[in-house]
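Reading the structure
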Amino acid sequence: MAFDIEMIKAVYERMPARIEAARKVVGKPLTLTEKILYSHLWEPTSVAFERGKSYVDFAPDRVAMQDATAQMALLQFMQAGRPKVAVPSTVHCDHLIEAKVASNTDLAVAVDKNKEVYDFLSSVSDKYGIGFWKPGAGIIHQVVLENYAFPGGMMIGTDSHTVNAGGLGMIAIGVGGADACDVMAGLAWELKFPKLIGVKLTGKLNGWTSAKDVILKVAGILTVKGGTGCVVEYFGEGSTSMSCTGKGTIANMGAEIGATTSTFGYDDSMARYLESTGRADVAALANGIREHLTADPEVYANPEAYFDQVIEIDLDTLEPHLNGPFTPDLATPISKMKELAEKNGWPTKVEVGLIGSCTNSSYEDISRAASLAKQVASKGLKTKAEFTITPGSEQVRYTIERDGFIDTFNAIGAKVFANACGPCIGQWARPGAEKGEKNTIVHSFNRNFAKRADGNPNTFAFVGSPELVTALAIAGDLTFNPLTDTLTNESGEQVKLDAPVGDELPKAGFAVEDAGYQAPAIDGSSVEVKVSPTSDRLQLLDPFTAWEGTDVKGLKLLIKAKGKCTTDHISMAGPWLKYRGHLDNISNNMLIGAVNFFNEKTDNVKNQLTGEYGPVPATQRAYKAQGIGTIVVGDQNYGEGSSREHAAMEPRHLGVRAVLVKSFARIHETNLKKQGMLALTFANEADYDKIQEDDLIDIVGLTDFAPNKSLTVVLNHKDGSSDSITVNHSYNEQQIEWFKAGGALNIIRASVK
Ligand code: F3S
């Protein structure tokens, strides 16, 4: 932590002056979001940024990576030629552990099964100065909240729920591995300056209602798309009176409304949490610049004048909610569930209640859920559904065990899974799931898309607070409203559950024997990174070759993709996840989901060398074997979806030279540029129709490649005719250098020699 406190001190020392400068540039009082963003600019600005329009370079304070995405991020970082990461960074082993029997057994199986991945991540972290959290240490976002998040800080992480750290007043944003690699290599990180949504929380949480219900309600209002391109800033009495971990839950599920991130102003609950998690020094520093860690007073007094949208929620009257099935924005107050379940035919028997995950495994969550579990014995009840717990970290698990909560849950027949993602990411070997039967589960996680928990498309998953999930598991009934309904106990009496009670933080403090942290070597120069040359899951990267210095001629058309072509179509997830660290193996999924314009089929394109039709990856490999370059043609918004860099690296690896489309999703376009590809757009969209299946294609004008200067593409058709079309690009000077060098990493590496 010593490294961190120095970094935090430095951030706080420069914040006041930077905020003052920003206030002048913007010309009005600032929201907290603006204060954090403007104080993390890569270089000072003399003009105000336009929300939702300006692209801005930032300097984040830290980077966090989870094990599935860290592999490619770190394989790329190794290519950057840096001896150490430029900003504090951590790796967390949480996604690859399957929940099956119980914590220890499952952990041992995962350690064995994923040994080569863990060995790689551990050794590469050791070498480059990265903190390594071993399997079993906990889920990335809970561990970050407990150890690294700090008010007013800015971080990026290779997971969409990185936003969780907004609960401790950060601007924390989920990114792809290539972005993480850039920041670790000491480069700027670009983001479109967000729009701002203000959420005013009046009143106070009480009774059965919890922080989770705030975000379930917000999701219902904004829907899964409503936060896109926005930062959500919460304020008001309801915000300051809530626990810091409750704020974390709200920030966590900002990902479910598509928000860039969410944040809260610094308050006493954050100070208490910092102190309780061994960071009284950070709390003292934050107290010293308190006014800079929240919005200017004018902002919250008149939010409509400062936010692009304002929502108000009264916590005094907010009801517990259940969101689902199949989407986290279908919000139903518990009092309406009976009616809606009947109307929609949702199965009402609750089979399993699952609590925990990165979203809801705070001490407060667990203690409140335990207060309900205790009532099973005291009121003579029997728990009707199965019940599981996935603690967010070893620190939480150890502390709740010490305080007797695990025993309380065991007494109602609970299963305690490893401190990992488990059922939240489909890593749940649920007995019978393969039968595909229609059934209902309730959980306190964040996402409930079809198949997400157990792979069964007929599992109806509803998201609720840990308290409500526990009550519904006890009742075994989705329509049970614990605020009004009674249960029949074992003696045939009608009993009512008392509202949950708990402690915000452990009275005896947090405790842990082995948190599962491995500090990196002080000098990692002699540490050897462990990658077996025979591994099918990991492969060291070779630098891509530089541009040959001439126009690129005689390219074969690999595929003319028709309609939607997302990063999932280009590099599918699911079973391919295990190859995320092996570029050659994962390249066998390249574009297998894209629809071929000429035959309307997926993964079926013409091999111009043989005239035969076959899978896209195999066809491309045939061209590669003969040293023939290719081009991919696409439709509108090509590459939308995730920031997954594999979608750009795979074509580059297999020898595709250019991607020519009607329009790009911005992040994918940048990813292509970073990998040294040509990302081009039709000047005239109708020219898409001129591309024929047997074309040989030339790209002309590359020797004069310059910003804002179009290139020419010549389509040499099979019948001897040709078309010459104009194509545009959005490369700036620096990105043209990336292209010439064969990729951004080649430039970064060259700069350290
Ligand atoms: Fe893991 Fe689920 Fe959180 S996959 S990081 S527990 S959203």
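Residues numbered from 1 in each chain as written. Predicted model: local features only at pLDDT ≥ 70, side-chain atom pairs only at ≥ 80, totals over all residues.

Quick look at the pairing of strand S26 (residues 656-661) now. Among the 6 residues of S26, 6 are classified as buried, and the element is accordingly described as predominantly covered. Of the pairings in the sheet, the one linking strand S25 (residues 630-634) to S26 comprises 5 bridges and is parallel in character. Of the residues in S26, the one forming a bridge with Ile631 is Ala658. Since S25 and S26 lie parallel, the crossover through helix H22 (residues 646-654) that links them has a hand, and here it is right-handed. With 4 bridges connecting them, S26 and strand S27 (residues 678-682) associate as parallel partners. Pairing of Ala658 across the sheet is with Leu678, part of S27. Handedness of the crossover joining S26 and S27 through helix H23 (residues 666-674): right-handed. (Buried ≥ 20, exposed ≤ 12 C-beta atoms within 10 Å, placed from the backbone. Helix = DSSP H or I, 4+ residues; strand = E, 2+ residues; numbered from the N terminus. Pairing = 2+ DSSP bridges. Right-handed = clockwise from strand over helix to strand, strands pointing away.)

Glancing now at the nonpolar core. Of all hydrophobic cores here, the largest spans 220 residues; its most connected members are Phe409, Leu472, Ile631 and Leu660. Other than its neighbours up to four places away in sequence, Leu660 contacts Ile631, Val633, Leu680, Phe682, Val713 and Val727. (Core = buried A, V, L, I, M, F, W, Y, C linked by C-beta atoms within 7 Å. Contact = placed C-beta atoms within 7 Å.)

Take the sheet that holds strand S6 (residues 171-174) next. As summarised here, the arrangement of the 6 strands in space is S6-S5-S2-S3-S4-S21, forming an open sheet in which the pairing is mixed. Taken across any chain shown, the strands that pair with only one partner, and hence form the sheet edges, are S6 and strand S21 (517-518). Docked against the sheet, helix H5 (residues 115-128) engages strand S3 (89-92), strand S4 (131-133) and S21, running at close to 155° with respect to S4. Its contacts with the sheet place helix H6 (residues 140-147) against strand S2 (62-66), S3, S4 and strand S5 (154-157), and it is angled at close to 150° to S2. (Axes fitted to C-alpha atoms, helices over the stretch in contact; angles between N-to-C directions.)

Not every one of the 13 residues close to the ligand is listed here, only the nearest: Ser357, Cys358, Cys421, Cys424 and Ile425. Considered class by class, the residues forming the shell around the ligand number 7 nonpolar, 4 polar and 2 charged. When residues are assigned to domains, the shell around the ligand turns out to be shared by domain 1 (2-314) and domain 2 (321-481), each giving three or more. (Near = placed C-beta within 6 Å. Nonpolar A, V, L, I, M, F, W, Y, C, P; charged D, E, K, R; others polar. Domains from an automatic or database assignment.)

Our next topic: the domain arrangement of the protein. Here the protein is described as being made up of domain 1 (2-314), domain 2 (321-481) and domain 3 (552-751). Taking the mean C-alpha position of each, domain 1 and domain 3 sit 34 Å from one another. Contacts between domain 1 and domain 3 engage 15 residues on the former and 12 residues on the latter. For the side of domain 1 that touches domain 3, the class distribution of residues is 8 nonpolar, 6 polar and 1 charged.

The subject of this paragraph is the UniProt feature "domain: Aconitase A/isopropylmalate dehydratase small subunit swivel" (unreviewed entry) in the protein. With numbering matched to this structure, UniProt assigns "domain: Aconitase A/isopropylmalate dehydratase small subunit swivel" (unreviewed entry) to residues 557-685. When the span residues 557-685 is considered, its composition is 28% helix and 19% strand, and the gap between its end C-alpha atoms is 18 Å. (UniProt positions renumbered as here; feature names shortened; annotations may be inferred.)

So, about the sheet that holds strand S9 (residues 230-235). Pairing between the strands of a sheet is mediated by backbone hydrogen bonds and can be parallel or antiparallel. Across the sheet, 4 strands lie side by side as S10-S9-S8-S11; this open sheet has parallel pairing. A strand with exactly one partner marks an edge of an open sheet, and here the two such strands are strand S10 (261-264) and strand S11 (309-314). Averaged over all pairs of adjacent strands, the angle between strand axes in this sheet comes to 20°, irrespective of strand direction. Alignment of strand S8 (residues 195-202) against S9, held across 6 bridges, turns out to be parallel. Directly across from Lys195, in S9, lies its bridge partner Cys230. Contacting S8 and S11, helix H8 (residues 211-222) runs over the sheet at an angle of about 135° to S11.

For the rest of this paragraph, the subject is helix H15 (residues 363-378). Taking 1.5 Å of rise per residue, 16 residues should cover 22 Å, and H15 covers 22 Å from first to last C-alpha, within 8% of that figure. Of all 16 residues that make up H15, 13 are buried, and the element is covered over most of its length. (Expected span 1.5 Å × (residues − 1).)

Counting all residues, the mean pLDDT for the protein is 96, and 99% of those residues have values of 70 or more. Interface scoring of the predicted complex returns ipTM 0.99; its pTM is 0.93. (pLDDT = per-residue confidence, 0-100.)

Take unusual backbone geometry next. Residues Gly324 and Pro325 are joined by a peptide bond in cis, for which omega reads 0°. Locating Pro325 in the fold gives a position in the loop between strand S12 (321-323) and strand S13 (331-333). Phi is positive for Glu600, which is not a glycine, with a value near 60°. As for its placement among the helices and strands, Glu600 is situated in the loop between helix H20 (583-586) and strand S23 (605-606). Classification of Glu600 by C-beta neighbours within 10 Å gives exposed; the count is 10. Located in the positive-phi region is Asn637, a residue other than glycine, with phi close to 50°. Take Asn637: it is sitting in the loop between S25 and H22.

Within the secondary structure, Ile334 sits in the loop between S13 and helix H14 (337-344). The buried category is assigned to Ile334, around which 25 C-beta atoms lie within 10 Å. Through-space distance from the C-alpha of Ile334 to that of Thr479 is 7.6 Å; in sequence the pair is 145 residues apart. For Ile334, the residues in contact, after removing those within four places along its chain, are Glu319, Pro320, His321, Leu322, Leu468, Asn481 and Leu483.

Here Thr567 lies in helix H19 (residues 567-570). On a C-alpha basis, the gap between Thr567 and Asn287 in space is 44 Å, while along the polypeptide they are 280 residues apart. With near-sequence residues (within four places) excluded, Thr567 lies in contact with Gly639, Gly641, Ser642, Arg644, Ala647 and His668.

The relative placement of two packed helices comes down to the angle between their axes together with the axis-to-axis distance. Running from amino to carboxyl end, H15 crosses helix H18 (residues 466-475) at an angle of 20°, the nearest separation of the two axes being 8 Å. Considering the angle they form, H15 stands roughly parallel to H18. The element H15 and its partner H18 pack so that their crossing is right-handed. Facing H15, whose interface residues are Asp365, Arg368, Ala369, Leu372, Ala373 and Val376, H18 presents Pro466, Glu467, Thr470, Ala471 and Ile474. (Parallel < 35°, antiparallel > 145°, perpendicular 65-115°, else oblique. Left-handed = near helix turned anticlockwise from the far one by under 90°.)

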